[in-house]
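A structural walkthrough
The lines below spell out each chain.
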Amino acid sequence: MESPSARVVSLPEDGEPCGGSGGPGQRPGRPRSTECAQPGVVEKVRPKWSNPLQFLLTCVSYAVGLGNVWRFPYLCQMYGGGSFLVPYLIMLIVEGMPLLYLELAVGQRMRQGSIGAWRTISPYLSGVGIASLVVSVLVSVYYNVINTWAIWYLFHSFQDPLPWSVCPLNSNRTGYDEECEKASSTQYFWYRKTLNISPSIQENGGVQWEPALCLTLAWLIVYLCILRGTESTGKVVYFTASMPYFVLIIYLVRGLTLHGATNGLTYMFTPKIEQLANPKAWINAATQIFFSLGLGCGGLIAFASYNEPSNDCQKHAVIVSVINSTTAIFSSIVTFSIYGFKATFNYENCLNKVILLLTNSFDLEDGFLTASNLEEVKDYLASTYPNKYSEVFPHIRNCSLESELNTAVQGTGLAFIVYTEAIKNMEVSQLWSVLYFFMLLTLGMGSMVGTGTAILTPLTDSKVISSYLPKEAISGLVCLINCAVGMVFTMEAGNYWFDIFNDYAATLSLLLIVLVETIAVCYVYGLRRFESDLRAMTGRPLNWYWKTMWVFVSPLIIIGLFIFYLSDYILTGTLQYQAWDATQGHVVIKDYPTYALAVIGLLVASSTMCIPLVALGTFVTRHLKSREQFPEA
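- Going by an unreviewed UniProt entry, the chain carries the name Transporter and comes from Rattus norvegicus.
- What the UniProt record of the chain gives under Subcellular location (unreviewed entry) is the line "Membrane".
- Of the chain, the UniProt comment under Sequence similarities (unreviewed entry) reads exactly: "Belongs to the sodium:neurotransmitter symporter (SNF) (TC 2.A.22) family."

This is the structure:
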């Protein structure tokens, strides 16, 4: 990064007015920024990326996150395996790349954070930038909790044996803990040792000191990464963008050599063509593209605002989109190889237990029963010894590899239960555990650095704030406040509140924000005017593909997604959540209490209402000023 420094700014040599959006009829010129000011005015030069690679890696690190590892494989599993790639790639072309290019172009053109960029386009659109800022704050508050859990598991990965590999003894030391026996050792470690979860959201409990310390450490790492704004971010992304790929490649080699890996890969890539007629497959493909790229959060606009005006942001939009989607597919191959190993291990373990049970119950010769003749022998025993077999039958488990592979898990369940279940059965399990959770941490930190930039850029751009506080102090205050709020998630009911933030803080809000952004560029600022700005910056004309997507296709897709989400919430009725039942050793479905529903409504409204309220406030303020300047005679 180039350090900001004070200098005297003069008019361009050709005498062209500064800023292409200066007024009606003005021909497109240089973007309005701190580089275009009145002669003799001393201002700070806006920092720039040291090279285009820093910008590209920052965008990649921001886009490629945990969703690529724990949501995309789940969607493949749910919606047709290899056939899900068809709607996914189509949505990448008609939605992902165009909207990503739009945000990068706006940031590079206006050379400001989200609030300043949209205010430049129209004072009535300042609320769009504020809404993006609110969403980024809400996301950062809960997203760093995932890094907290990754740190917690990383610390425990150095133990031998791994603490989630076996159930602990009960208080009398006469057997295993009852809750762990009913669930599993990995579920027990997650729900009881990591979360120490309460039975419902109404029982909050107190802040637990171990997760609280890990959360503090996670925010300290974030602070060190964004300490000096883009100057430090530009150096951090070299590591956060590349390290996950290094670990994924190692895991791919290991995963493909595991017993049963081919079962998982076959399951993933076997297309279920009928799913192409399922509208939910297309809707989920669109939302996966939308949210994994980080559209609407303001981070992409902030990154692009530090570019040289001549930077080829179109090329970078295509590269980031392709890398993001390729990473999702690549991580799915890794995930399903591990998933196949885990499913095969559980299936064979189930068969061995049934074989042992029948061998002991009917005094069969050791080695007589095998997986190949099990069903045949079961039929023989049932017909020859019906009474005895009926006594044993309730204890015979129904073993099925297909049912093991059909168990769909996403999010924290995939990351902290399914993966740990597989890791504990690998040789040198500590090594694989350390690598895996270190990868999760770098993925999470890469996204957090981007989210932190999305928050800090409009704050440091604000003359009111930056005139009183240096960027280090602003960064520190943001991290400190978010860490304090995040302590809510370290309580016994914290995971339930995490799910609320994860499900509702940035869904409808981002759809509305990006829809307004697209309409603002195409119909408020004007597509022809924006096209002229891009040509003036990059020397490249805007082709028909981008214009068609921005004007028609992408807005229609967003409106469709918006309607789907609203109708889905309405048809769902009372919103529900999954609560851990320690007596049964599994989750149960419960209704959210009234105050939780109020929080959900507040989360959605806190960002979406910024857009109309700020527009209304701007209209009223301007109306009052005009009355003061031109009082009625």
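After that view, the rundown keeps rolling.
1. Digging into the packing of aromatic side chains
- Per the counting criterion, the structure on display carries 49 aromatic pairs.
- On the numbers, 6.2 Å between centres and 85° between planes, the contact of Trp49 with Tyr306 is edge-to-face. Placement of Trp49 in the loop between strand S2 (41-44) and helix H1 (52-63) and of Tyr306 in the loop between helix H13 (299-304) and helix H14 (313-361) is noted, with a sequence separation of 257 residues between them.
- The exposure class assigned to Trp49 is buried, which follows from its relative accessible area of 7%.

2. Considerations on the state of the cysteines
- For the coordinates displayed, the defined rule picks out two disulfides.
- Here Cys167 is linked by a disulfide to Cys180, with a sulfur-sulfur distance of 2.0 Å. Between Cys167 and Cys180 the sulfur-sulfur dihedral comes to about -80°; the bridge is accordingly left-handed. Of this pair, Cys167 sits in the loop between helix H6 (126-156) and helix H7 (178-182) while Cys180 sits in helix H7; the two residues are 13 residues apart in sequence, bridging distant segments of the chain.
- Two residues, Cys350 and Cys399, share a disulfide whose sulfurs are 1.9 Å apart. Taking the sign of the S-S torsion, -80° for the link of Cys350 and Cys399, the bridge is left-handed. Of the two residues, Cys350 is situated in helix H14 and Cys399 in the loop between helix H16 (386-392) and helix H17 (401-406); the sequence distance between them amounts to 49 residues. Here Cys350 matches Cys399 in class, with each residue buried.
- Across the chain, the way the bonded cysteines pair up, counted in sequence order, is 1-2, 3-4.
- No disulfide involves Cys483; its sulfur sits 8.6 Å from the nearest other cysteine sulfur, which is in Cys479.

3. Points about H14
- Its 49 residues give H14 an end-to-end C-alpha distance of 71 Å, which sits within 8% of 72 Å, the value for a rise of 1.5 Å per residue.
- Once H14 finishes, Asp363 follows within two positions and takes phi at roughly 50°, a positive value.

4. A word on the side chain of Thr120
- Mapped onto the secondary structure, Thr120 falls in helix H5 (residues 114-121).
- Here Gly116 takes part through its backbone oxygen, which lies 2.7 Å from a polar atom of the side chain of Thr120.

5. Brief notes about the nonpolar core
- Counting 178 residues, the largest nonpolar core has Tyr251 and Trp550 as the members making the most contacts within it.
- Counting residues per element, this core draws most heavily on H6, at 17 residues.
- Apart from residues no more than four positions distant in its own chain, Tyr251 is found in contact with Val334, Ile338, Ile423, Met426, Trp432, Ser433, Leu435 and Tyr436.
- Membership of the second largest hydrophobic core comes to 15 residues, among which are Leu364, Val377, Val392 and Cys399.

6. Some words on the UniProt feature "binding site: Na(+)" (unreviewed entry) in the chain
- In the numbering used here, UniProt assigns the feature "binding site: Na(+)" (unreviewed entry) to Ala63, Val64, Asn68, Ser292, Asn324, Leu443 and Ser447. A compact arrangement is adopted by the annotated residues: their sequence extent is 385 residues, whereas the largest C-alpha distance between any two is 12.6 Å.
- Relative to the helices and strands, Val64 resides in the loop between H1 and helix H2 (66-70).
- Assessed through its relative accessible area of 6%, Val64 is described here as buried.
- Beyond its immediate stretch of four places on either side in the chain, Val64 contacts Tyr245, Asn324, Thr327, Leu443 and Ser447.
- Residue Asn324 is classed as buried on the basis of its relative accessible area, which comes to 0%.
- Apart from residues lying up to four places away in sequence, Asn324 is in contact with Ala63, Val64, Asn68, Tyr88, Ser292 and Leu293.
- A distance of 3.1 Å separates polar atoms of two side chains, one belonging to Asn324 and the other to Ser292.

Thresholds, definitions, all that
- Residues numbered from 1 in each chain as written.
- Predicted model: local features only at pLDDT ≥ 70, side-chain atom pairs only at ≥ 80, totals over all residues.
- Heavy atoms only, no water.
- UniProt positions renumbered as here; feature names shortened; annotations may be inferred.
- Phe/Tyr/Trp six-rings, centres within 6.5 Å; stacked < 30°, edge-to-face > 60°.
- Helix = DSSP H or I, 4+ residues; strand = E, 2+ residues; numbered from the N terminus.
- Buried < 20%, exposed > 50% of the residue type's maximum accessible area, 1.4 Å probe, protein only.
- Disulfide = S-S within 2.5 Å.
- Expected span 1.5 Å × (residues − 1).
- Polar contact = N/O pair within 3.5 Å; in protein donor to acceptor, adjacent residues only side chain to side chain.
- Core = buried A, V, L, I, M, F, W, Y, C linked by side-chain atoms within 4.5 Å.
- Contact = heavy atoms within 4.5 Å.

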